[in-house]
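What follows is the residue order along each chain.
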Amino acid sequence: MTHFRQIFDPGTFAFTYLLGDDGGAAVVIDAGSERTNLPVLAMLAELNLRLDYVLQTHVHDDEPNNAAALKKRTGARVVASKAFRSSADIPVRHGDQITFGSEVINVIGTPGHTSGCLSYLWRDRVFTGDALLIGSCGRSDLAGEDPAALFDSITRRLFMLPGETLVFPGHDRRGRTVSTIAEERERNPAVAGCSRDEFITRRTAS
C-alpha cells in the first residue's frame, strides 16, 4: 500500500506533500515551515515511514531553508535543481529519476518562475511547485525570472502530460487542492488561448 498526504500551511498558503511506498520509504515534496514539519514528522511516525529525500521544486534566496530544517530532524537528503547546487545533496535536472523504495519519480524541468524550477511526476500526479498553479501560474516579472521560459515549461512540458494527470500545486489562496492537466490546459486564464508573445507581454507589463 502506498501513502499520499497533502499538508496545507494557512500562514503561507503553501502545500507540502508526503509520499510513502509499501516498504516504508518516503519522500517529502516542498518542506514547509515548522507548522508543516511537525505534522509531517507525526505522519512519518504514525505510518512507520523512513524519510529518504526532501524534494524541492524551487528555492528563493530570501526565504527560510525549510528543507534543511527537515533534513536535520530526519537525516533525509535534499534533492533540488542543479541551478541550486548549494541547497542540494543530490542535484538533478530534467529527465532524471528519483527512486524511493519501489517507487519512481520523474523530474521535469519547468524553469521560468526561477531558473531552476522543477516539477515531479509520480504515478498519475504531477507536483508543479510555483510553475503551474490552479487557474494561474507563478510570477515571472522579477529579476532573474523568465516569462518565455515559464510559458514553454507549462505548454511544452506540463501540458504534454496526459489530460487526466492530477495537478498538485505549491500554493493556493482560494481553498483549491487539486486540478488536472486537461482542466488547466483548457481553462487556466494565464495560458489558455494565449500566444507565447501575449504571455510575455502580460508578464512584463508594468
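Look up: the structure comes first, before these words.
Enquirer: Explain the pairing of strand S2 (residues 14-20) to me, and be specific about the residues and the numbers.
Expert: Here is the key point about a regular strand: its side chains alternate between the two faces of the sheet. With seven of its seven residues buried, S2 lies for the most part within the structure. Side chains Ala14, Thr16, Leu18 and Gly20 of S2 all project onto a buried face; the interleaved residues Phe15, Tyr17 and Leu19 project onto the opposite face, where all are buried too. Pairing geometry for strand S1 (residues 3-9) and S2, over seven bridges, is antiparallel. Of the residues in S2, the one forming a bridge with Phe8 is Phe15. Hairpin connection between S1 and S2: a loop of four residues separates the two successive antiparallel strands, and Phe13 in this loop has a positive phi of roughly 60°.

Enquirer: Can you break down the sheet that holds strand S6 (residues 90-92) residue by residue, with the values?
Expert: Pairing is mixed across the open sheet formed by six strands, whose spatial order is S1-S2-S3-S4-S5-S6. The open sheet has two edge strands, S1 and S6, and neither has a second partner. Taken pair by pair, the neighbouring strands of this sheet meet at an average axis angle of 20°, ignoring direction. Along the sheet, helix H1 (residues 34-47) contacts S1, S2, strand S3 (25-29) and strand S4 (50-55); its crossing angle with S1, the most-contacted strand, is approximately 160°.

Enquirer: An account of the packing of aromatic side chains is requested, with residue identities and associated values reported.
Expert: Within this structure, the stated rule accounts for 10 aromatic pairs. With a centroid separation of 6.2 Å and an interplanar angle of 15°, the aromatic rings of Phe4 and Tyr17 are classed as stacked. Taken as a pair, Phe4 in strand S1 and Tyr17 in strand S2 lie far apart in primary sequence, 13 residues in all. According to the relative accessible area criterion, Phe4 is partly exposed, its value standing at 22%. Aromatic pair Tyr17 and Phe168: ring centres 5.7 Å apart, planes at 70°, arrangement edge-to-face.

Scoring rules and cut-offs
- Residues numbered from 1 in each chain as written.
- Predicted model: local features only at pLDDT ≥ 70, side-chain atom pairs only at ≥ 80, totals over all residues.
- Heavy atoms only, no water.
- Buried < 20%, exposed > 50% of the residue type's maximum accessible area, 1.4 Å probe, protein only.
- Helix = DSSP H or I, 4+ residues; strand = E, 2+ residues; numbered from the N terminus.
- Pairing = 2+ DSSP bridges.
- Axes fitted to C-alpha atoms, helices over the stretch in contact; angles between N-to-C directions.
- Contact = heavy atoms within 4.5 Å.
- Phe/Tyr/Trp six-rings, centres within 6.5 Å; stacked < 30°, edge-to-face > 60°.

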